[in-house]
Number of protein chains: 2
Amino acid sequence: MVETQSDDILANADTEDVSLLVVGDPYGATTHTDIVLRARALKIPTRVIHNASIMNAVGACGLQLYNFGQTVSLVFFTDSWRPDSFYDRIKENADLGMHTLVLLDIKVKEQSEENLARGRKIYEPPRYMSIPTAVSQLVEVEEKRQGGSLKPDETLAIGLSRVGGGAEERVVAGTLAELLSQSPEVFGEPLHSLVIVGKRVHHLEVEYAESFAVNRETWRDVAQRVYGCSLD
Amino acid sequence: MVETQSDDILANADTEDVSLLVVGDPYGATTHTDIVLRARALKIPTRVIHNASIMNAVGACGLQLYNFGQTVSLVFFTDSWRPDSFYDRIKENADLGMHTLVLLDIKVKEQSEENLARGRKIYEPPRYMSIPTAVSQLVEVEEKRQGGSLKPDETLAIGLSRVGGGAEERVVAGTLAELLSQSPEVFGEPLHSLVIVGKRVHHLEVEYAESFAVNRETWRDVAQRVYGCSLD
């Protein structure tokens with residue numbers, strides 16, 4: 001929307017006040033950076049009101065924000081398109097012991113290939129990637145790459161849904177294999193996000209997230225045995 | 001404050017509503033994670049309202065949040081205490097081409113060593129680390145470490161002050177040497193933060209930040225020559 005209609009949004013912005021309301025922090029998306037640049041080129045003054053976004057609200061899972069490395073995005077795999085370059089980013093973070101925030105795909109106002117080809121403005125129902133779908137894609141790529149950064153039974157992860165949504169918020173922690181085996185309703189409604197826990201995790205982070213674990217025993221066991229954490 | 005008075009804050013929280021108002025997002029500081037843990041141990045239900053914080057509002061400088069690595073904190077050097085372990089974190093990020101957000105020290109309600117020793121509750125005036133002080137400390141540590149991650153004339157950085165503060169917000173971009181040579185008022189009032197630009201910077205990020213450059217020519221020159229950016 002914003003990408004294709006930025007000219008419309010900016011059309012009268014030199015003479016009247018125009019507001020663009022977004023989800024999260026405006027600078028979380030390249031699109032919004034782009035529209036500021038366009039406004040600047042047209043000499044239209046802009047003002048940004050910052051907001052919470054998943055990039056900082058992810059702290060709700062108990063992992064410390066300053067221990068996160070680069071953020072990656074995961075797209076829905078299709079039969080013919082299963083891009084895995086995100087794996088390199090996760091591995092870079094993992095090799096340094098940093099956590100990775102994985103943002104999950106959202107398909108809104110998408111057209112089927114047929115409708116697109118025929119120029120029919122018929123849109124598919126919206127789809128939001130769930131935590132189990134994300135984990136299954138991660139595990140598939142690990143099997144292919146064999147980099148060791150996403151081992152089903154030895155990598156800890158935390159799924160988050162509707163962060164900041166009060167009673168609707170869910171945080172679910174476990175090994176990748178555990179998250180994969182939960183029934184979908186455990187994770188609550190979309191939007192979902194996922195965090196891969198890095199090896200430099202502090203014992204206080206592990207203890208905080210333990211209350212979200214699907215199985216406290218395996219959570220503590222992997223944290224101690226694989227991550228080298230000393231827990232009480 | 002919160003560290004030492006968390007028992008007071010939680011004292012009646014089992015029978016009445018207690019709010020703790022903080023700057024930024026509550027999970028940006030370990031202290032707040034800690035008080036949630038204490039509340040949990042006392043079976044006191046908690047609810048967090050997320051907020052913008054420097055961890056995401058830093059996007060105002062035009063660098064993309066997903067290209068940031070781990071965040072580091074820089075403390076005021078003293079004659080006898082010049083800790084430089086943050087350099088390893090910056091180098092890890094830099095080696096992977098990621099940006100680094102550097103949070104600058106704040107000294108509030110600090111006692112002098114003498115007053116502390118004598119048990120006198122006399123506090124020093126608050127001190128907030130400025131961008132030039134931060135840069136001078138970074139350059140000093142680079143000289144000592146010789147890791148090549150913080151070269152005065154070849155490392156680009158962006159100083160931010162009062163992000164989200166409307167007309168008081170300032171963003172100033174340049175090489176470390178350029179930021180060091182600006183007069184203090186260029187950076188505006190505290191609080192200040194600093195970003196070290198990583199080598200994987202995208203040309204759109206460079207172009208966005210160019211409008212904040214103290215010298216557009218050197219900004220573009222270093223981006224192209226040292227960072228390998230293709231600019232228009």
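What you see is a predicted model; the values in this text were computed from it and never measured.

When you line up the elements, S85(B) lands in the loop between β1 (72-74) and α4 (86-95). For S85(B), a relative accessible area of 46% corresponds to the partly exposed category.

Further remarks concern the pattern of salt bridges. Tallied over the entire structure, the rule returns 34 salt bridges over all chains. Between R118(A) and E114(A) there is a salt bridge, with the nearest N and O atoms lying 3.2 Å from each other. The exposure class of R118(A) is exposed, given its relative accessible area of 56%. R82(B) is the salt-bridge partner of E140(B), the closest N and O atoms lying 2.8 Å from each other.

What follows concerns unusual backbone geometry. Negative phi is the rule for most residues except glycine; trans is the rule for most peptide bonds. Each neighbour pair has its own omega, and for P190(A) with L191(A) the value is 5°, a cis peptide bond. Here L191(A) shows up in the loop between α7 (176-181) and β7 (192-196). With phi around 55°, Q146(B) is a residue other than glycine that occupies positive phi space. Tracing the backbone through its elements, the reader meets Q146(B) in the loop between α6 (131-145) and β5 (156-161). For Q146(B), a relative accessible area of 61% puts it in the exposed group.

With an axial shift of 0.0 Å and an RMSD of 0.0 Å, the rotation relating chain A to chain B amounts to 180°. In symmetry terms, the pair is related by a two-fold rotation axis.

Here the focus is the interface of chain A and chain B. Each side of the interface is counted separately: chain A has 39 residues, and chain B has 39 residues. Taken together, both faces of the contact between chain A and chain B bury some 3400 Å²; the carbon and sulfur share is 56%. In this structure, the connection of chain A to chain B is made through two salt bridges. E92(B) is paired through a salt bridge with R200(A); the nearest N and O atoms lie 2.5 Å apart. The interface formed by chain A and chain B contains 20 residue pairs in polar contact (both at pLDDT 80 or more). If you list the elements that add at least two residues to the side of chain A that touches chain B, you get α2 (30-41), α3 (54-57) and α4 (86-95) of chain A. The element best represented in the side of chain A that touches chain B is α2(A), accounting for five residues. A class-by-class count of the residues in the side of chain A that touches chain B yields 16 nonpolar, 16 polar and seven charged.

A few words now on helix α8 (residues 203-210) of chain B. For an α-helix, 3.6 residues make a turn, and residues three or four places apart therefore share a direction. Across the eight residues of α8(B), six count as buried, placing the element largely inside the fold. For α8(B), every residue scored as buried is listed here: E205(B), V206(B), E207(B), Y208(B), A209(B) and E210(B). As for α8(B), its buried residues are in contact with α2 of chain A together with β5, β6 (170-175) and α9 (216-225) of chain B.

What follows is about the nonpolar core. If you look at the biggest cluster of nonpolar residues, it comprises 59 residues, and the most contacted ones within it are I158(A), W219(A), I158(B) and W219(B). The set of elements that each furnish at least two residues to this core consists of β5 (156-161), β6 (170-175), α8 (203-210) and α9 (216-225) of chain A together with β5, β6, α8 and α9 of chain B. The residues contacting I158(B), other than those within four sequence positions of it, are C61(B), L63(B), V171(B), V172(B), A173(B), L179(B), S193(B), L194(B), V195(B), V197(B), A209(B) and W219(B).

If you check UniProt for "binding site: S-adenosyl-L-methionine" (unreviewed entry), the listed places come out as D25(A), G28(A), S53(A), I54(A), L104(A), V163(A) and H192(A) in our numbering. Within the secondary structure, L104(A) sits in strand β2 (residues 100-104). Its relative accessible area of 10% is what places L104(A) among the buried residues. Look past the residues within four positions of L104(A) in its chain and what remains in contact with it is L74(A), M129(A), S130(A), I131(A), A134(A), H192(A) and S193(A). Mapped onto the elements, V163(A) comes out in the loop between β5 and β6. Other than its neighbours up to four places away in sequence, V163(A) contacts I54(A), A57(A), A60(A), E169(A) and H50(B).

Calculation rules
Residues numbered from 1 in each chain as written. Chains lettered and ligands numbered in written order. Predicted model: local features only at pLDDT ≥ 70, side-chain atom pairs only at ≥ 80, totals over all residues. Heavy atoms only, no water. Helix = DSSP H or I, 4+ residues; strand = E, 2+ residues; numbered from the N terminus. Buried < 20%, exposed > 50% of the residue type's maximum accessible area, 1.4 Å probe, protein only. Salt bridge = Lys/Arg side-chain N within 4 Å of Asp/Glu carboxyl O. Least-squares fit on C-alpha atoms with pLDDT ≥ 70 in both. Contact = heavy atoms within 4.5 Å. Buried area = accessible area lost by both parts, 1.4 Å probe. Polar contact = N/O pair within 3.5 Å; in protein donor to acceptor, adjacent residues only side chain to side chain. Nonpolar A, V, L, I, M, F, W, Y, C, P; charged D, E, K, R; others polar. Core = buried A, V, L, I, M, F, W, Y, C linked by side-chain atoms within 4.5 Å. UniProt positions renumbered as here; feature names shortened; annotations may be inferred.

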